[in-house]
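An overview of the molecular structure
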Amino acid sequence: MRFAIAILLGAALLANPLASPAAAQTGGDAIPTTTLSLGTATPGGGFPLYGNAFAEAMNAADPQITIAPRNTKGSNENIPLLEKGEIDLALVAGEPAYEAFAGIGRAPVRLKILTAIYSNPGMFVVRADSPYRTIRDLVGQPVAFGAKGSGLPILARYVLDGLGLKQDEDFKAIYLDRAGDGPAMVEDGRVAALWGAGIGWPGFAAVASGASGARFIAPSTEEITRIRAKHAFLKPLTVPAGSYPKQAESIASLGSWSFVLTREDLPDDVAYRLAKTLHGVEATFCKQLAQACETTASNTVAAAPKLELIHPGVMKYFREIGVVK
C-alpha cells in the first residue's frame, strides 16, 4: 500500500484510495500527514508485540506520521508484500532477510533497511520437569518450530543443519497457524519443545511463567562452533540472566538481527524523517519495551549485511549524526 498524504483544508483530499486518509491538527491548522502500513506477523509472537510498540512510539513522537500495524503471516509474506508495494514497512527476521538480499532460492530483492530492531538468539524451551536437556535429546520428538511463514523455522533449519540434523526428518516438526498457540502445546504435552528466539519473546515468557516452569535448550559451545563453521552469517549472541522468569543464568546461543525493511521506492525524505524520529526516541522506546533497547542507529549500521542495503534517506541522517562517514 502506497503511503497516503492527506491535506485537509476544507477543500481537497489527496490520498491513495488504498490508504486511510489522516491529518494532524496544530493550533486549528491542518498539516499534511503520512500514513504508512507496517506488516508484522501472527498474533502472539514477537513481531506484533514489537510492531505495535514501534508504531505507538513513532506516532506519539511525530504527529505528521501515522504508522498502522497489520498482522500478516510473518517474514515470508512480508517480503513479497513489500515487493508488490502492498505495504510500506515490514518486520523481517534475519534469516529470511539474508536469503532475500543474497538471492537464495529467488532473485535478490531491492528492498531497503530502515532499522535493525533486535537480535535473535535462537533456542528451545521445554517444561522444567521434562527429561530433555540437549538438542540431541529432542530428536524424534514433536517440536513446534514457530508459525508458518515466520522467520523462526528458517533460523532453526540453519542451526540444525549445522549440526547435521534435518528439521522435518529428525524431528516431528509442527508449524503453527498462530505463534501464540505454542506455549499451551508445551504445557499440555502436545509438543516436547517450542523453538523461538530473542529477548522478551512472548512464547518463552509464557512457558516460563506457566505452572510447570521452563528449561531453555541452546547449542553447546562446541555445537555453536560447528554451526558457525557451516553458516558463518549466524552470530554468537547471549540471552542475559533474568530475561525470562526464573532464568538465573545467561544463555549463550547464536542467531541474527531482525529488521524493519521498506519497499524499494519509499521516498528518501520519508525514510529520513522516520530515522530521525526513531532515533530521537531511542531512550523512550527502550523504557517502553525491553527488546527495543537494541533498536539503535549504531546497531543498524553494525547489523546490516552491507551499508548500501540501508535506505539512502536513513544513511543521510546517519551521516548527519556521525554514525557513518
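Keep in mind that this is a model prediction, so the values were computed, not measured. Starting afresh in each chain, residues are numbered from 1 along the sequence in its written order. Local features in a predicted model are, by the rule used here, given only for residues with pLDDT of at least 70; side-chain atom pairs are given and counted only at 80 or more, and totals for whole chains, interfaces and linings are based on all residues. With hydrogens and water stripped out, all remaining heavy atoms of the structure feed into the side-chain values.

**A short note on empty space enclosed by the protein**
Cavity: a set of points on a 1 Å grid over the protein atoms alone where a 1.4 Å probe fits but cannot get out. Pocket: an open set with protein on both sides within 12 Å along at least five of seven lines, its lining residues, like those of a cavity, having an atom within 4 Å of a point. Grid points are joined across faces, edges and corners, and a volume is the space filled by probe spheres set on the points. Across all of its chains, the model carries 1 cavity of 30 Å³ or more by this definition. There is about 230 Å³ of room inside the largest cavity. Lining the largest cavity are 19 residues, and of these Phe47, Ser150, Gly151, Leu152 and Trp201 sit closest to its centre. By definition, any uninterrupted DSSP run of H or I lasting at least four residues is a helix, any uninterrupted run of E lasting at least two residues is a strand, and each is numbered from the N terminus. Elements represented by at least two residues in the lining of the largest cavity include exactly helix 1 (46–61), strand 7 (112–127) and helix 4 (152–162). Residues are sorted three ways: Asp, Glu, Lys and Arg are charged, Ala, Val, Leu, Ile, Met, Phe, Trp, Tyr, Cys and Pro are nonpolar, and all the rest, Gly among them, are polar. Residues of the lining of the largest cavity, tallied by class, amount to 10 nonpolar, 8 polar and 1 charged.

**A look at the pairing of strand 13 (residues 251–262)**
With 11 of its 12 residues buried, strand 13 lies for the most part within the structure. One requirement defines pairing of two strands: DSSP has to find at least two bridges between them. Pairing of strand 6 (residues 89–92) with strand 13 involves 4 bridges; the strand directions are antiparallel. Paired with Leu91 across the strands is Val260, a residue of strand 13. Across 8 bridges, the pairing between strand 7 and strand 13 is antiparallel. Bridge assignment links Thr115 to a residue of strand 13, and that residue is Val260. The pairing of strand 12 (residues 235–239) with strand 13 spans 5 bridges and is antiparallel. Across the sheet, residue Lys235 finds its bridge partner in strand 13, namely Gly255. In this scheme, a residue with accessible area under 20% of its type's maximum is buried, one over 50% is exposed, and one in between is partly exposed, where area comes from a 1.4 Å probe on protein chains only.

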